[in-house]
Amino acid sequence: MKIGILGVGHIGKTLSRKLSAAGHDVKVANSRGPDTIDATVLATGARAVPASEAVKDVDVVILSVPLNRVPEIAPLLAGVPAETVVIDTSNYIPGRDSQIAAIEAGQVESLWVAEQLGQSIVKAWNAIGSGSFALKGTPPGIRGRIAIPVAADDDSERAVAIALVEDTGFDGFDAGPLAQSWRQQPGAPVYCTDLTRDEMPAALARAEAARLPKRRDLSGAAIAERVGVGTNPDSEYHVRLSRALFM
Ligand SMILES: NC(=O)c1ccc[n+]([C@@H]2O[C@H](COP(=O)([O-])OP(=O)(O)OC[C@H]3O[C@@H](n4cnc5c(N)ncnc54)[C@H](OP(=O)(O)O)[C@@H]3O)[C@@H](O)[C@H]2O)c1
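Every value quoted in this text rests on a predicted model; they were computed, and no experiment measured them.

### Some points on the overall build of the chain
In step 1: When helices and strands are counted, the chain shows eleven helices and eight strands.
In step 2: In terms of overall dimensions, the chain is globule-like: its C-alpha atoms have a radius of gyration of 17 Å, near the 18 Å expected for 247 residues.
In step 3: C-alpha atoms of the chain, sized along the principal axes, occupy 45 × 40 × 35 Å.
In step 4: Across the chain, contacts joining residues at least 24 apart in sequence account for 69% of those joining residues at least 6 apart.
In step 5: Split by element, the accessible area of the chain, about 11000 Å² in all, is 54% carbon and sulfur.
In step 6: One finds the centroid of the 25 positive side-chain charges in the chain at a distance of 6 Å from the centroid of its 29 negative side-chain charges.

What follows is the structure, given as C-alpha cells:
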C-alpha cells in the first residue's frame, strides 16, 4: 500500500521502518522538513518528504504526533480523499498535551481526534509502548505474540489497519467502535501491558472508565521519579509498571 506517516518519533520511526520493510511504499514527514529526519528512520526504504506531500496520493495516512498537535494537522488532511484510511496512534497525556477540556470532561480521545480532523479515523498502535513495539514483533502464529487493539467505526477501515498491524509484527485485535476505544486509553488494562490475543477480550471488558486517568497519572509520576542521569527506566520497567497499575 501507499502510506504517509506524519510524525517520526518513538512510534513513527518504528512504523516507518517496519512498514517499508514489509514492502509498503512509505513516505514520512515531521513539522520541520525532510532534511531533519534521521537516516535510521529511512533505513528500510521510506522516503522523507514535506508534510503536505506525505498525505498526497496515499491509501493510508498514519498520524503519530502528540495529541495536542492534531488540530494543526487538520488543514493538511482536509484535502485527503474520503477513501484514504486515517489511522491515529495518539494518546492524551495532560502533562505533555496541556489540559484539553472536552477530554477532561469525558470525551473519548479518538472521538476528539476525529472531531478535530472532521473525518473518520481508526485508533491503532496507541496501546503498545515504543520499546515493545520496536523489539517484540514476531511472525504470525508464534506463541505469545503480542496483540494490539484496533478500534474503528468502519469495518473496511478497521480491516486495513488490522492488516497493517499484522505487518508490523503483532496480532491486530478488533476492539470495537471508537466510542468504546476508551478501553485502550492510558490507564486501561490493555495499555502497554503486552497482552496476547487470548488475553485481550477479558482485559478490554475489565476497564473502568473512571479509574483510567488516575492510573495513567500514577504511572507518569512513577516514571518521572526515576528519570535522571543514568536512572532512566527501560521499556521492561514500563511494562512491569503498567501491569501492576492497570491490570
Ligand atoms: N512513546 C510511546 O511509547 C507511545 C506509545 C503509543 C502511542 N504513543 C502516542 O503516539 C504519538 C506519538 O508518540 P511518540 O512517542 O512517537 O512522540 P514523539 O517521540 O514526541 O514524536 C512526535 C513526532 O511528531 C512530529 N510532529 C509534531 N508535530 C507535527 C506536525 N504538526 N506535523 C508533522 N509532524 C509533527 C515530531 O516531529 P517535529 O517536532 O520535528 O515536527 C515527531 O517526529 C503520541 O500521541 C503518543 O501519545 C506513544
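### What about the pairing of strand E7 (residues 147-152)?
Remark: a regular strand shows side chains that alternate across the two faces of the sheet.
In step 1: Of all six residues in E7, six are buried; the element is thus mostly enclosed.
In step 2: By the alternation rule, side chains of E7 split into Ala147, Pro149 and Ala151 and Ile148, Val150 and Ala152, which are all buried.
In step 3: In this fold, the crossover linking E7 to strand E8 (residues 171-174) by way of helix H8 (residues 155-167) has right-handed handedness.

### Observations concerning the sheet that holds strand E1 (residues 2-6)
Hydrogen bonds between backbone groups are what pair the strands of a sheet, and the pairing can be parallel or antiparallel.
In step 1: Strands sit in the order E3-E2-E1-E4-E5-E6-E7-E8 across an open sheet of eight strands; the sheet is mixed. Of all strands in the sheet, those with a lone pairing partner are strand E3 (47-48) and E8, marking the two edges.

### A closer look at the nonpolar core
In step 1: Ile62, Ile87 and Trp125 are the most contacted members of the largest nonpolar core, which has 30 residues in total.
In step 2: Of all elements in the fold, only E1, helix H1 (12-21), strand E2 (25-29), strand E4 (60-63), strand E5 (85-88), E7 and H8 reach the threshold of two or more residues within this core.
In step 3: Tallying contributions element by element places H8 first for this core, with five residues.
In step 4: Setting aside residues no more than four positions away along its own chain, Ile62 makes contact with Ile3, Gly4, Ile5, Leu6, Leu15, Leu19, Ile87, Thr89 and Trp125.
In step 5: Counting 26 residues, the second largest nonpolar core, distinct from the first, contains Val55, Val61, Val113 and Ala151.

### A short note on the side chain of Lys27
In step 1: In this structure, Lys27 sits in strand E2.
In step 2: With relative accessibility at 7%, the residue Lys27 sits in the buried group.
In step 3: Polar contacts involving the side chain of Lys27 include one to the main-chain carbonyl oxygen of Glu53, which spans 2.9 Å.

### Some details on the packing of aromatic side chains
In step 1: By the definition in use, this model includes two aromatic pairs.
In step 2: With a centroid separation of 5.7 Å and 40 degrees between ring planes, the pair formed by Phe133 and Phe170 is classed as tilted. Here Phe133, found in helix H7 (residues 130-135), pairs with Phe170, found in the loop between H8 and E8; they are 37 residues apart in sequence, far enough to count as distant. For the pair formed by Phe133 and Phe170, the shared burial category is buried.
In step 3: Considering the side-chain rings of Tyr191 and Phe246, the 6.1 Å spacing of their centres and the 50 degrees angle between planes classify their relative orientation as tilted. Pair noted here: Tyr191 is in the loop between E8 and helix H9 (200-206) and Phe246 is in helix H11 (residues 235-246), with a separation of 55 residues, a long-range link.

### Brief notes about the pattern of salt bridges
Two side chains carrying opposite charge are able to pair once their charged atoms lie near each other.
In step 1: Applying the stated rule across the entire model yields 15 salt bridges.
In step 2: Taking the shortest distance from any N to any O, the salt bridge between Asp155 and Arg158 comes out at 3.2 Å. Remark: Arg158 and Asp155 occur in helix H8; sequence separation between them is three residues, near one turn of the helix.
In step 3: If you follow the salt bridges from partner to partner, you end up with Arg145, Glu166, Asp171 and Arg197 in one network.

### A few points about the site of the ligand
In step 1: Near the ligand there are 24 residues, and of these His10, Ser31, Arg32, Val65 and Glu72 occur at the shortest range.
In step 2: At 2.9 Å, a backbone N or O of Ile11 approaches an oxygen atom of the ligand.
In step 3: Within the complex, the protein chains bury 83% of what would otherwise be the 880 Å² of accessible surface of the ligand.
In step 4: Under a 2 Å grid-point criterion requiring more than half of the atoms, the pocket assigned to the ligand is the largest pocket.
In step 5: A breakdown of the residues in the shell around the ligand according to their chemical character gives eight nonpolar, twelve polar and four charged.

Reading guide: rules and limits
- Residues numbered from 1 in each chain as written.
- Predicted model: local features only at pLDDT ≥ 70, side-chain atom pairs only at ≥ 80, totals over all residues.
- Heavy atoms only, no water.
- Helix = DSSP H or I, 4+ residues; strand = E, 2+ residues; numbered from the N terminus.
- Rg over C-alpha atoms; globule rule 2.2 N^0.38 Å.
- Contact = heavy atoms within 4.5 Å.
- Areas by Shrake-Rupley, 256 points an atom, 1.4 Å probe, with all protein chains shown as cover.
- Lys, Arg positive; Asp, Glu negative; His and termini not counted.
- Charge placed at Lys NZ, Arg CZ, Asp CG, Glu CD.
- Buried < 20%, exposed > 50% of the residue type's maximum accessible area, 1.4 Å probe, protein only.
- Right-handed = clockwise from strand over helix to strand, strands pointing away.
- Pairing = 2+ DSSP bridges.
- Core = buried A, V, L, I, M, F, W, Y, C linked by side-chain atoms within 4.5 Å.
- Polar contact = N/O pair within 3.5 Å; in protein donor to acceptor, adjacent residues only side chain to side chain.
- Phe/Tyr/Trp six-rings, centres within 6.5 Å; stacked < 30°, edge-to-face > 60°.
- Salt bridge = Lys/Arg side-chain N within 4 Å of Asp/Glu carboxyl O.
- Near = heavy atom within 4 Å.
- 1 Å grid on protein atoms, 1.4 Å probe; cavity = no way out; pocket = protein on both sides within 12 Å on 5 of 7 lines; lining within 4 Å.
- Sits in = over half its atoms within 2 Å of the grid points.
- Nonpolar A, V, L, I, M, F, W, Y, C, P; charged D, E, K, R; others polar.

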